[in-house]
Amino acid sequence: MKIAISGKGGVGKTTISAALIRQFAGRGFKIIAVDADPDSSLAEILGLPEEKSAALKPIVGLREELAALTGGQGSYYSLNPPVNELLESYSINFNGIKFLKMGAVKQGGTSCYCRESSVLNSLINVLLLKKEEMVVMDMSAGIEHLTRGTAQGVDLMAVITEPSRVSIRTAQTVRDLSREIGIKNINFIANKIRDEREKNTILTHLGEDNLLGVIPYDESVRKGSIEGVRQRTDSEFERAIASITEAILGRQIK
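Below: a short report on this structure. Nothing here was measured: the structure is a model prediction, and the numbers come from that model.

Considerations on the pattern of salt bridges
Okay, step 1: Applying the stated criterion across every chain, the model contains 6 salt bridges.
Okay, step 2: Among the salt bridges present, the one from Lys-13 reaches Asp-37, with a minimum N-O distance of 3.6 Å. Taken together, the residues Lys-13 in helix H1 (residues 13-26) and Asp-37 in the loop between strand S2 (30-36) and helix H2 (42-46) connect sequence positions 24 residues apart. Side by side, Lys-13 and Asp-37 carry an identical accessibility label, which is buried.
Okay, step 3: Between Asp-176 and Arg-175 there is a salt bridge, with its nearest N and O atoms 3.2 Å apart.
Okay, step 4: With a relative accessible area of 34%, Asp-176 lands in the partly exposed category.
Okay, step 5: Look at Arg-175 and you get buried, because its relative accessible area is 17%.
Okay, step 6: One salt-bridge network, held together by shared partners, links Lys-13, Asp-37 and Asp-138.

Focus: the packing of H1 against helix H11 (residues 236-250)
Okay, step 1: At a minimum axis separation of 10 Å, H1 and H11 run at an interaxial angle of 65°. Between H1 and H11, the angle falls in the class roughly perpendicular. The way H1 lies across H11 gives a crossing that is right-handed. In this structure, H1 contributes Thr-15, Ile-16, Ala-19, Leu-20, Arg-22, Gln-23 and Phe-24 to the contact, and H11 contributes Phe-237, Glu-238, Ile-241, Ala-242, Ile-244, Thr-245, Ile-248 and Leu-249.
Okay, step 2: Its residues assigned to classes, the contact of H1 with H11 shows 10 nonpolar, 3 polar and 2 charged.

A word on the environment of Asp-35
Okay, step 1: Examined against the element boundaries, Asp-35 turns out to sit in strand S2.
Okay, step 2: Considering only alpha carbons, one finds Asp-35 and Lys-101, 66 residues apart in sequence, at a separation of 4.6 Å.
Okay, step 3: Within the structure, Asp-35 has its side chain in polar contact with the backbone nitrogen of Asp-37 (distance 3.2 Å).

Here's the deal with the environment of Gly-9
Okay, step 1: Relative to the helices and strands, Gly-9 is located in the loop between strand S1 (2-7) and H1.
Okay, step 2: Judged by its relative accessible area of 38%, Gly-9 falls in the partly exposed class.
Okay, step 3: C-alpha separation for the pair Gly-9 and Ile-160, spaced 151 residues apart in sequence, amounts to 9.7 Å.
Okay, step 4: Discounting chain neighbours no more than four positions away, the residues touching Gly-9 are Ala-141 and Gly-142.

So, unusual backbone geometry
Okay, step 1: One non-glycine residue, Asn-95, lies in the positive phi region at around 50°.
Okay, step 2: Note on placement: Asn-95 falls in the loop between strand S3 (92-94) and strand S4 (97-101).
Okay, step 3: Residue classification places Asn-95 among the exposed residues on the basis of a relative accessible area of 68%.

Comments concerning the packing of aromatic side chains
Okay, step 1: Scanning the model with the defined rule gives 1 aromatic pair in all.
Okay, step 2: Ring centres of Phe-24 and Phe-29 lie 6.0 Å apart, and the angle between their planes is 80°; this geometry places the pair in the edge-to-face category. Across the pair, exposure class does not vary: Phe-24 and Phe-29 are buried alike.
Okay, step 3: Directly above the aromatic system of Tyr-90 lies the positively charged group of Lys-57, at a separation of 4.2 Å from the ring centroid.

Remarks on the pairing of S2
Okay, step 1: Burial runs high along S2: 6 of the 7 residues are buried.
Okay, step 2: Relative to strand S5 (residues 133-139), S2 runs parallel, the two being bridged by 7 bridges. Bridge pairing in S5 links Ile-31 to Met-134.
Okay, step 3: Pairing geometry for S2 and S4, over 5 bridges, is parallel. Across the sheet, the residue bridging to Ile-32 is Lys-98, located in S4.

So, the sheet that holds S5
Okay, step 1: Across the sheet, 8 strands lie side by side as S3-S4-S2-S5-S1-S6-S7-S8; this open sheet has mixed pairing. If you trace the sheet from one side to the other, it starts and ends with S3 and strand S8 (211-216), each paired once. Taking the axes of each pair of neighbouring strands and ignoring which way they run, one obtains an average angle of 20° across the sheet.
Okay, step 2: Sheet strands in contact with H1 are S1, S2, S4, S5, strand S6 (156-161), strand S7 (186-193) and S8, and its direction is about 170° off that of S5.
Okay, step 3: Running over the sheet, H11 touches S1, S5, S6, S7 and S8 and is turned about 175° from S8.

Reading the values: the criteria
- Here, residues in each chain are numbered from 1, in the same order as that chain's written sequence.
- Selection of residues for local features in this predicted model requires a pLDDT of at least 70, selection of side-chain atom pairs for listing and counting requires 80 or more, and totals for whole chains, interfaces and linings are taken over all residues.
- The side-chain figures draw on all heavy atoms in the structure; neither hydrogens nor water molecules are used.
- The term salt bridge refers to a side-chain nitrogen of Lys or Arg lying within 4 Å of a carboxyl oxygen of Asp or Glu.
- Note on conventions: DSSP H or I runs of at least 4 residues are helices, E runs of at least 2 residues are strands, and numbering of each starts at the N terminus.
- Think of it in three bands: residues with accessible area under 20% of the maximum for their type are buried, residues over 50% are exposed, and the middle band is partly exposed, with areas taken using a 1.4 Å probe on protein chains only.
- For every element, the axis is a line fit to its C-alpha atoms; helices are fit only across the contacting stretch, and the angle between N-to-C directions ranges from 0 to 180 degrees.
- Roughly parallel here means an angle under 35 degrees, roughly antiparallel means over 145, roughly perpendicular means 65 to 115, and every remaining angle is called oblique.
- Each crossing gets its handedness from the near helix: less than a right angle anticlockwise from the far helix is left-handed, clockwise is right-handed.
- In what follows, residue pairs with any heavy atoms lying within 4.5 Å of each other are defined as contacts.
- Gly falls in the polar group here, along with every residue not listed as nonpolar (Ala, Val, Leu, Ile, Met, Phe, Trp, Tyr, Cys, Pro) or charged (Asp, Glu, Lys, Arg).
- Polar contacts, as used here, are pairs of N or O atoms within 3.5 Å; protein pairs need one atom able to donate a hydrogen and one able to accept it. Residues neighboring in sequence count only if both atoms are side-chain atoms.
- Only rings of Phe, Tyr and Trp enter the pairing, Trp through its six-membered ring, and a pair is recorded when the two centres are within 6.5 Å. The plane angle decides the type: under 30 degrees is stacked, over 60 is edge-to-face, the rest tilted.
- Distance and angle both matter: a charge sits over a ring if NZ of Lys or CZ of Arg is within 6 Å of the ring centre and within 35 degrees of the ring normal.
- In this description, strands pair whenever DSSP reports at least two bridges between them.

What follows is the structure, encoded as structure tokens:
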């Protein structure tokens, strides 16, 4: 299964991505974790040493190699090349996770991420998975990755939202744009929920059938992100993530 994690900036997208990755790995899945947000810290939250992450080649370098295998830059989708072999030199393996990154933040006034987005889109489309394999992509905040079609080809778009109007509006926009690029399975995760009123706000605007789960507000998550401390397995946050993991695995993805 190929999963993209999206949402407005600050909703906890990367924290939840990392927690889901650990949950899937703990269930025996071989994980391909993709940091598709140049301004993200997925590697750090997963516990990957900074020096190893900094030395990792960004996947934009796959452009020429994929083109050679697929008959040219305009024919990425013509066949399914042995991408797994190519990924070895662009990834780091640790704790059952194969980690890749899209690239670093560019300097002000330089070019956009069009090339990186194109390569990531091509990679996701040609990547063949076995039953025990899972791809989890931590997307850039907001909707830019959808306007560039970066997440096209995923099996599930999981949108993180808080009970604020701005966050819910972004989630609705992500849903609509996801549909436009052909993503059929779009679900939501309600994060930082303090009470039933906030939960009902999410349900009113996004629908209960579309909800993968609810993560209660947990001050220890905020403190942990500041101090770099991982959540206890018996915390409310981790219990909610475990429930969401089961919900994802229980969905009939077509």
